[in-house]
Amino acid sequence: MVTKRSRPGLADEIVMAIKVRIDDGTYVAGSRLPTEAQLCDEFGVSRATARTAIKELDVIGLVHTRHGLGTFVRTIPHVQDGLEKMGSISDSIRSSGKIPGMDYARRTVRTVTLDEAERMTVPAETQVLELRRRITADDEIVAYSYDLLPMSIFPEDFVPEQLEGSIFSYFDRVLGLPAILGFAEVHAVESRKIGWGPGSSEHNLFILLDQLQYADDGVLLGYSRSYFVEGAYAFVLKRTK
């Protein structure tokens, strides 16, 4: 009978071995790692040690575990962006060397809900343009965005279908109201009810950017809840002392 070994150093050995295999292409992005049982057999360790190694690989961002499916090598994000500067998602996609795309699932004028009115600090009878957008980079889905724009910022003859592409670009180019200030909250979200359309069933982990945008005169331009697909869109925050 073979005795399974168990000590902290053994988990590190597994981590190093798998890192080497990821670097040399043995395990490519999106591929599935051996199961805990297979790692136990290969390295002669206990189940607890194999589990610790997988957790460490997850923590350092090399793999992610899908419950019931296994552990997979993380893909390289399609887009990288910073949190310190507010700007267009489309511009961030272009800066990453990719082509932005956008599908509109909804362009509807309606009255805000009580919760929305409180978040936006507007009267309960405020009319808004509700947008639901699916944003892509080189045809790969990177975000789903739910936006509320006060109808008061638009001209009287505005038609919802006129708004296409980047909202920030529309604020600046068409309305002459560049967004210069934003107040945002960032949350991790797990849900299968965020996305829509082809491929949406694959997305259940998101980074939510919950943000209010203002023009330089303090006019509220919009309230956006943008759900960035985990693994497809990476935020990099520059920190200095």
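That block above? That's the structure.
In this report, the structure presented in the accompanying data block is examined. Source: prediction; values computed, not measured.

**Section: the overall build of the protein**
Consideration 1: Of regular secondary structure, the protein possesses six helices and ten strands.
Consideration 2: For the protein, whose C-alpha radius of gyration is 22 Å, the value lies well above the compact-globule estimate of 18 Å for 241 residues.
Consideration 3: Along the longest, intermediate and shortest principal axes, the C-alpha atoms of the protein span 80 × 40 × 35 Å.
Consideration 4: Counting the 241 residues in the protein, one finds 41% classified as buried.
Consideration 5: For the protein, long-range pairs separated by at least 24 residues make up 58% of all intrachain contacts whose partners lie at least 6 apart in sequence.
Consideration 6: Carbon and sulfur atoms make up 51% of the accessible area of the protein, which amounts to about 13900 Å² in all.

**Some thoughts on the pattern of salt bridges**
Consideration 1: This structure, assessed with the given rule, holds 13 salt bridges.
Consideration 2: A salt bridge links Glu130 to Arg132, with the nearest nitrogen and oxygen atoms 3.1 Å apart.
Consideration 3: On the basis of relative accessible area, Arg132 is assigned to the partly exposed category, the value being 27%.

**Examining the packing of aromatic side chains**
Consideration 1: Counted under the stated rule, the structure contains ten aromatic pairs.
Consideration 2: Relative to Phe206, the ring of Tyr144 has its centre 6.2 Å away and its plane inclined at 75°; by these criteria the two rings are edge-to-face. Taken together, the residues span a long stretch of sequence, with Tyr144 in strand β6 (residues 140–150) and Phe206 in strand β8 (residues 205–214) at a distance of 62 residues. Each member of the pair Tyr144 and Phe206 is classed as buried.

**A look at the side chain of Gln211**
Consideration 1: Looking at the secondary structure, you find Gln211 in strand β8.
Consideration 2: The exposure class of Gln211 is buried, given its relative accessible area of 11%.
Consideration 3: Leave out the neighbours within four places in its chain, and Gln211 touches Met86, Arg119, Phe168, Phe183, Ala184, Gly222, Tyr223 and Ser224.

**Overview of unusual backbone geometry**
Consideration 1: Unlike most non-glycine residues, Thr121 shows phi in positive territory, near 55°.
Consideration 2: Mapped onto the secondary structure, Thr121 falls in the loop between α5 (114–120) and β5 (127–137).
Consideration 3: With relative accessibility at 66%, the residue Thr121 sits in the exposed group.
Consideration 4: Despite not being glycine, Asp139 shows a phi value in the positive range, around 70°.
Consideration 5: Note that Asp139 resides in the loop between β5 and β6.
Consideration 6: Note on Asp139: relative accessible area 71%, which makes it exposed.

**A short note on the side chain of Gln213**
Consideration 1: Among the structural elements, Gln213 can be located in strand β8.
Consideration 2: For Gln213, a relative accessible area of 2% gives the class buried.
Consideration 3: Setting aside anything within four residues of it in sequence, one finds Gln213 in contact with Met86, Phe168, Phe171, Ala179, Leu181, Val219, Leu220, Leu221, Gly222, Tyr223 and Ser224.

**Some thoughts on the pairing of β8**
Consideration 1: The element β8 is largely enclosed, with a buried count of eight among its ten residues.
Consideration 2: Bridge count between strand β7 (residues 181–190) and β8: ten bridges; the pairing is antiparallel. Bridging from a neighbouring strand, Glu190 pairs with Leu205 of β8.
Consideration 3: Here nine bridges tie β8 to strand β9 (residues 220–229), and the two strands are oriented antiparallel to one another. Of the residues in β9, the one forming a bridge with Leu212 is Tyr223.

**Some remarks on the sheet that holds β6**
Consideration 1: Strand order in the open sheet formed by six strands is β4-β5-β6-β9-β8-β7, and the pairing between neighbours is antiparallel. The open sheet terminates on both sides in strands that have one partner only, identified here as β4 (100–111) and β7. Between one strand axis and the next, the sheet turns through 15° on average, direction left out of account.
Consideration 2: By the bridge criterion, six bridges tie β6 to β9 in an arrangement that is antiparallel.

Definitions and limits used
- Residues numbered from 1 in each chain as written.
- Predicted model: local features only at pLDDT ≥ 70, side-chain atom pairs only at ≥ 80, totals over all residues.
- Heavy atoms only, no water.
- Helix = DSSP H or I, 4+ residues; strand = E, 2+ residues; numbered from the N terminus.
- Rg over C-alpha atoms; globule rule 2.2 N^0.38 Å.
- Buried < 20%, exposed > 50% of the residue type's maximum accessible area, 1.4 Å probe, protein only.
- Contact = heavy atoms within 4.5 Å.
- Areas by Shrake-Rupley, 256 points an atom, 1.4 Å probe, with all protein chains shown as cover.
- Salt bridge = Lys/Arg side-chain N within 4 Å of Asp/Glu carboxyl O.
- Phe/Tyr/Trp six-rings, centres within 6.5 Å; stacked < 30°, edge-to-face > 60°.
- Pairing = 2+ DSSP bridges.
- Axes fitted to C-alpha atoms, helices over the stretch in contact; angles between N-to-C directions.

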